[in-house]
Amino acid sequence: MTKELDHAIAIMKDNGLKYTKKRSDILSFLINENRYVAALDVFNFMNDKYKGVSYDTIYRNLRDFADLNILEETDLQGEKRYRFHCDVHGEHHHHFICTSCGATREIHMCPMDMFKEQLPGCSIEGHRFEILGKCENCLKN
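This structure is a prediction, so every number in the text was calculated from the model and none was measured. Note on numbering: residues in each chain are counted from 1, in written sequence order. Local features in a predicted model are, by the rule used here, given only for residues with pLDDT of at least 70; side-chain atom pairs are given and counted only at 80 or more, and totals for whole chains, interfaces and linings are based on all residues. Values reported for side chains reflect all heavy atoms of the structure, with hydrogen atoms and water molecules removed beforehand.

Points about the overall build of the protein
For the protein, the count of helices and strands is six helices and six strands. Segments assigned H or I by DSSP are reported as helices when at least four residues long, segments assigned E as strands when at least two residues long, and all are numbered from the N terminus. Traced from its N-terminal end to its C-terminal end, the protein shows the element sequence α-α-β-α-α-β-β-β-β-α-β-α. Referenced to the eigenvectors of the C-alpha coordinate spread, the extents of the protein come out at roughly 55 × 45 × 25 Å. Remark: exposure states derive from per-residue accessible area (1.4 Å probe, protein chains only) relative to the maximum for the residue type, with buried under 20%, exposed over 50%, and partly exposed in between. Within the span of the protein, comprising 141 residues, buried residues form 36% of the whole. Residue contacts are counted whenever heavy atoms from the two residues lie within 4.5 Å of one another. Considering only contacts in the protein between residues 6 or more positions apart, those separated by 24 or more positions represent 49%. Reported accessibility uses the Shrake-Rupley method at a 1.4 Å probe radius. Residues are deemed covered only where the shown protein chains occlude them. Carbon together with sulfur atoms contributes 49% to the accessible area of the protein, which is approximately 8700 Å² in total.

This is the structure:
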């Protein structure tokens, strides 16, 4: 198992989710994809391995993993997409997300300092900054 998978499984267990091979395979798929994917993509992958797996089961696991902060989620083209949480080193960053293929690139700067200056007296409890567009590969095709 990879370090990322081991860490995700530990988070699962610490939060009362039982380890199963199917859950491990979902996480491994997302680690290997390293991009935002739709629940249907995960379902198709899992259905190839486990004929008759329920779409609801896949979706429920994705939601559980996102709630535990194992997965990141975003909305692309009106659909929830998931990726393995890439903040494994504790570095705050944001993403460029390709709207065609879901590929991501980390952006190692944060525009929040500018916004904090414009919100004196407010308490910012969280934020998310994403840049959407087409990656080089999708622009070529």
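Regarding the side chain of Asp 25
The residue Asp 25 is located in helix 2 (residues 21-33) in this model. Looking at Asp 25, its side chain comes within polar contact range of the side chain of Lys 49, at 3.3 Å. Here a polar contact means two N or O atoms within 3.5 Å. Within protein one must be a hydrogen donor candidate and the other an acceptor candidate, and residues neighboring in sequence count only if both atoms are side-chain atoms.

So, the packing of aromatic side chains
Two rings from Phe, Tyr or Trp (for Trp, the six-membered ring) form a pair when their centres are within 6.5 Å of each other. A pair whose planes differ by under 30 degrees is stacked, one over 60 is edge-to-face, and the rest are tilted. The final tally for this structure, using the stated rule, is four aromatic pairs. Arranged with centres 6.5 Å apart and planes meeting at 15°, the rings of Tyr 55 and Tyr 59 form a pair that is stacked. With Tyr 55 and Tyr 59 both in helix 4 (residues 55-67) and four residues apart, this pair spans about one turn of that helix. Looking at Tyr 55, the relative accessible area reads 35%, which means it is partly exposed.

So, the domain arrangement of the protein
Here the bounds of each domain stem from an automatic or database domain assignment. Taken domain by domain, the protein comprises domain 1 (3-84) and domain 2 (94-140). Using only C-alpha atoms to locate each centre, domain 1 and domain 2 end up separated by 23 Å. If you look at the interface, domain 1 gives nine residues, while domain 2 gives eleven residues. Summed over both partners, the accessible area (1.4 Å probe) lost when two parts come together is defined as the buried area. Buried surface at the junction of domain 1 and domain 2, both sides included, amounts to about 770 Å², of which 43% is carbon and sulfur. Each reported salt bridge corresponds to a side-chain nitrogen of Lys or Arg within 4 Å of a carboxyl oxygen of Asp or Glu. Our count for the domain 1 to domain 2 interface comes out at zero salt bridges. Scanning the region where domain 1 abuts domain 2 turns up six residue pairs in polar contact (both at pLDDT 80 or more). Sorting elements by how many residues they give to the side of domain 1 that touches domain 2 places strand 2 (residues 71-76) first, with four residues.

Examining a nonpolar patch on the surface
Residues with no salt bridge and a relative accessible area higher than 30% make up the patches, which join like charges within 9 Å and nonpolar side chains (Val, Leu, Ile, Met, Phe, Trp, Tyr) within 5 Å. Taken together, the side chains of Met 114, Phe 115, Leu 119 and Ile 124 define a hydrophobic patch exposed on the protein surface, amounting to about 330 Å² of accessible area. For Phe 115, the location among the structural elements is in helix 5 (residues 112-118).

Considering the sheet that holds strand 1 (residues 37-38)
Pairing between two strands is assigned when DSSP locates at least 2 bridges connecting them. Overall, antiparallel pairing links the three strands, which are arranged 1-3-2 in an open sheet. The sheet is open, and its two borders are formed by strand 1 and strand 2, each paired with just one other strand. Two strands pair when backbone bridges link them, and strand 2 and strand 3 (residues 79-84) are joined in this way by six bridges, in the antiparallel orientation. Among the inter-strand pairings, Glu 72 is bridged to a residue of strand 3, identified as Arg 83.

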